[in-house]
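A look at the structure
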Amino acid sequence: MFGPSHCVAMLLPVSLMLALTSVFANPTPLLISPPYYYSISYFPYRHYDTTGSLWNPDSETLQSEPESSEIEGRTPLRKVFTDHSSGNFASDVEGRISASLRNAFPNFPTSLSAPLSSFFANPALLTLGGLLDGAPCTSPNAEAGICTNSRLCSSYGGRSSGSCSSFGSVCCINTVTRCGATVTLNNTYWQAPTTLSAESTCSLSIKLDPTLAEQRRNPICQIRLDFEVFSIAGPNTQTVCATDNFRVSGTANRVPIICGQNVGQHMYLIAPSSTADIQLIFTLGTGTSQDRSWKIRTSLLACSSTSLLAPDDCLQYFTQSTGTVRSFNWREVSPSAAAPRQLANQDYNICFRTEQIINTNSFPRVASSICYTPCVITTTAVLPQMPPLAFSLTGDSTGSFLPAAAGAGSSFNQCANTDYLVIHGAVDSTTPTSFNDRFCGNNLNPSSTQQTSVTLCSTAKPFNVLYRTDGSESSTEFANNGFCLRYEQRAS
């Protein structure tokens, strides 16, 4: 009734099960569940506490470990490939399965490298039970996190806040609070240490590597920085960030050096390749009583997330149809010759994603234009200060108000060569015959004879603004504030 081939077919699954039993029968393998191994999807790991000590789950004691070896803001699952005798998890398990199968079947293939390596390298295995879901989430108190297993979250210093849709997953909030750390996990916060020394440097490394378990499914192309807290010393009288500054290295796009107050601002960093180390660096000087603090959210944007990625030449990217765009260090505070707000050496693009606009009693339509209006200033002027200006580039805001004087070569401004804003095809919304591309002075107006700001609209796509300042302010162009503009996309 049953031939030899049928017997072999029936014996093969049974033998495979026996072989797997042999693999996991050893008291030391990875996939068994001693007290500190929670499930087949929860692998052993080494974990450092905040003092830099190493916890050994076998002895439940702390061992000394150099602090520099810690990688914060990422899953310990990476160690699944390095904590074994051979240094390769797939090879270890493969070797034991292959040996057991060869004992049962002498003619069994000598290597299972390809299928087993493929199986254990499959990120789906690492997401069983919500272990490393990795999906972004928002906690009840509006903090950004990732979905993961609650025990794994606490193991690398994160804290659970709310739940995720995946079974057994929580929204894990991870915060790094020291200098010199390295992160590889999406939605990690970098917060200033409690104690900061003068004349020091504090840096964070963001490691991009598609071979990491947490990045394998979604290789990273861009990083978005959101400055939820950002307060360091402002520029000197020449608008240069000479005392304190924040800079970025290792990116494919140009990122200006900034300083001062930048709460609510953001930056997009373009990764030069799939594998890169991008550095965020604070340099802190002396001679100031400035309270220094920051909390920066680092969002790792996958190459496949096309709706989230900024165009490669854009430092800032706005994805709402209306909002506010400001130069770095702009505040509704009157600048002075000793404390200007505008920063030197700014040269970057600000881009706006084209949105669908819903008008009353009409279907959504793609925006055909974008309009810019200087922000409304609500601060009351206190003599001898002048009220802060929403638009103040090149002109001396402590003296007579200069007209916009857009364009090149005007004798009473430096708009052509120093500090300016470029809005291609900008037209006065109430006077279509008044138009220009380049703007400076103390008024946003395409006409050099007008001394009031107006709303400018442009139909040039893609929607973007170029902001440029020179290396320092001269004696005739100080106390500038930069710009604060309300933007609105419109459909004709």
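Above this text is the structure in question.
This write-up is about the structure you can find in this document. This one's a predicted model, so the numbers in the text were calculated from it and none came from an experiment.

1. Notes on the overall build of the chain
For the chain, the helix and strand inventory stands at five helices and 27 strands. Taken over 492 residues, the chain has a buried fraction of 49%. Within the chain, counting contacts between residues at least 6 apart in sequence, those at least 24 apart form 69% of the total. Of the roughly 22800 Å² that the chain leaves accessible, carbon and sulfur atoms contribute 54%.

2. A few points about the nonpolar core
General note: in soluble globular proteins, nonpolar side chains tend to be found buried as a group. By size, the foremost hydrophobic cluster in this structure holds 62 residues, and its most contacted members are Phe246, Met267 and Phe352. With residues up to four places along the chain from it excluded, the contact list for Met267 reads Ile223, Arg224, Leu225, Phe227, Phe246, Val255, Pro256, Ile258, Leu315 and Phe328.

3. Some words on the pairing of strand 5 (residues 144-149)
Taking burial as the measure, the six residues of strand 5 include six buried ones, the bulk of the element. Relative to strand 5, strand 4 (residues 136-138) runs antiparallel, the two being bridged by three bridges. For Thr138, the partnering residue across the bridge sits in strand 5 and is Ala144. Hairpin connection between strand 4 and strand 5: a loop of five residues separates the two successive antiparallel strands, and Ala142 in this loop has a positive phi of roughly 70°. Bridging between strand 5 and strand 7 (residues 169-176) involves four bridges; their strand directions are antiparallel. Residue Cys147 lies in a different strand from strand 7, and its bridge partner there is Cys171.

4. Some thoughts on the side chain of Asn262
For Asn262, the location among the structural elements is in the loop between strand 12 (245-249) and strand 13 (266-270). Exposure remark for Asn262: the relative accessible area of 0% places this residue in the buried category. Separated by 2.8 Å, the side chain of Asn262 and the backbone nitrogen of Asn329 make a polar contact. Not counting residues within four places of it along the chain, the set of residues in contact with Asn262 comprises Phe227, Phe230, Phe328 and Asn329.

5. Description of the state of the cysteines
Under the counting rule described, the total for this entry stands at nine disulfides. Two residues share a disulfide in this structure: Cys137 and Cys171, whose sulfurs sit 2.2 Å from each other. Between Cys137 and Cys171, the disulfide has an S-S torsion of 95° and is therefore right-handed. You can see Cys137 sitting in strand 4 and its partner Cys171 sitting in strand 7, a full 34 residues away along the chain. Here Cys137 matches Cys171 in class, with each residue buried. Here Cys153 pairs with Cys172 through a disulfide, and the sulfurs are 2.0 Å apart. Of note, the bridge from Cys153 to Cys172 carries an S-S torsion of about 85° and is right-handed in sense. Here Cys153 is found in helix 4 (residues 150-155), whereas its partner Cys172 is found in strand 7, with 19 residues between them in sequence. Overall, the relative accessible area of 2% leaves Cys172 in the buried class.

6. What to know about the packing of aromatic side chains
Evaluation of the coordinates by the stated rule reveals 16 aromatic pairs. Measuring from ring centre to ring centre gives 3.8 Å for Phe282 and Trp294, while their planes differ by 10°; the resulting arrangement is stacked. Of this pair, Phe282 sits in strand 14 (residues 276-284) while Trp294 sits in strand 15 (residues 293-302); the two residues are 12 residues apart in sequence, bridging distant segments of the chain. The same class applies to Phe282 as to Trp294, namely buried. Relative to Tyr487, the ring of Phe318 lies with its centre 5.7 Å away and its plane at 65°, an arrangement referred to as edge-to-face. Of the two residues, Phe318 is situated in strand 16 (residues 316-318) and Tyr487 in strand 27 (residues 482-490); the sequence distance between them amounts to 169 residues. We classify Phe318 as buried; its relative accessible area is 13%.

7. A closer look at the pattern of salt bridges
Going through the model one piece at a time under the given rule, you end up with eight salt bridges. Close ionic contact of Lys207 with Asp277 constitutes a salt bridge, the shortest N to O distance being 3.8 Å. With a gap of 70 residues between them, Lys207 in strand 10 (residues 200-208) and Asp277 in strand 14 connect regions that are remote in the sequence. Owing to a relative accessible area of 41%, Asp277 belongs among the partly exposed residues under this scheme. A salt bridge links Glu355 to Arg353; the shortest N-O distance between them is 2.7 Å. The network of salt bridges with common partners includes Glu143, Arg159 and Lys295.

8. Quick word on the environment of Ser273
By the element assignment, Ser273 lies in the loop between strand 13 and strand 14. Relative accessible area serves as the criterion here: at 38%, Ser273 is assigned to the partly exposed category. Ser273 sits 53 residues away from Ile220 along the chain, and the two C-alpha atoms are 8.9 Å apart. At 2.7 Å, the side chain of Ser273 forms a polar contact with the backbone oxygen of Thr275.

9. Some points on the pairing of strand 9 (residues 188-191)
The two faces of the sheet receive side chains in turn, since in a regular strand these alternate between them. Sheet topology note: the strand 7/strand 9 ladder contains three bridges and is parallel. The residue bridging Thr175 from the neighbouring strand is Tyr189, located in strand 9. Of the pairings in the sheet, the one linking strand 9 to strand 15 comprises four bridges and is antiparallel in character. Pairing of Thr188 across the sheet is with Thr298, part of strand 15.

10. Focus: the side chain of Gln265
With respect to the secondary-structure elements, Gln265 resides in the loop between strand 12 and strand 13. A distance of 3.1 Å separates a polar side-chain atom of Gln265 from the backbone oxygen of Ser327. Those residues within four positions of Gln265 in sequence are excluded, and the remaining contacts are Leu225, Asp226, Phe227, Gln316, Arg326, Ser327 and Phe328.

Calculation notes
- Residues numbered from 1 in each chain as written.
- Predicted model: local features only at pLDDT ≥ 70, side-chain atom pairs only at ≥ 80, totals over all residues.
- Heavy atoms only, no water.
- Helix = DSSP H or I, 4+ residues; strand = E, 2+ residues; numbered from the N terminus.
- Buried < 20%, exposed > 50% of the residue type's maximum accessible area, 1.4 Å probe, protein only.
- Contact = heavy atoms within 4.5 Å.
- Areas by Shrake-Rupley, 256 points an atom, 1.4 Å probe, with all protein chains shown as cover.
- Core = buried A, V, L, I, M, F, W, Y, C linked by side-chain atoms within 4.5 Å.
- Pairing = 2+ DSSP bridges.
- Polar contact = N/O pair within 3.5 Å; in protein donor to acceptor, adjacent residues only side chain to side chain.
- Disulfide = S-S within 2.5 Å.
- Phe/Tyr/Trp six-rings, centres within 6.5 Å; stacked < 30°, edge-to-face > 60°.
- Salt bridge = Lys/Arg side-chain N within 4 Å of Asp/Glu carboxyl O.

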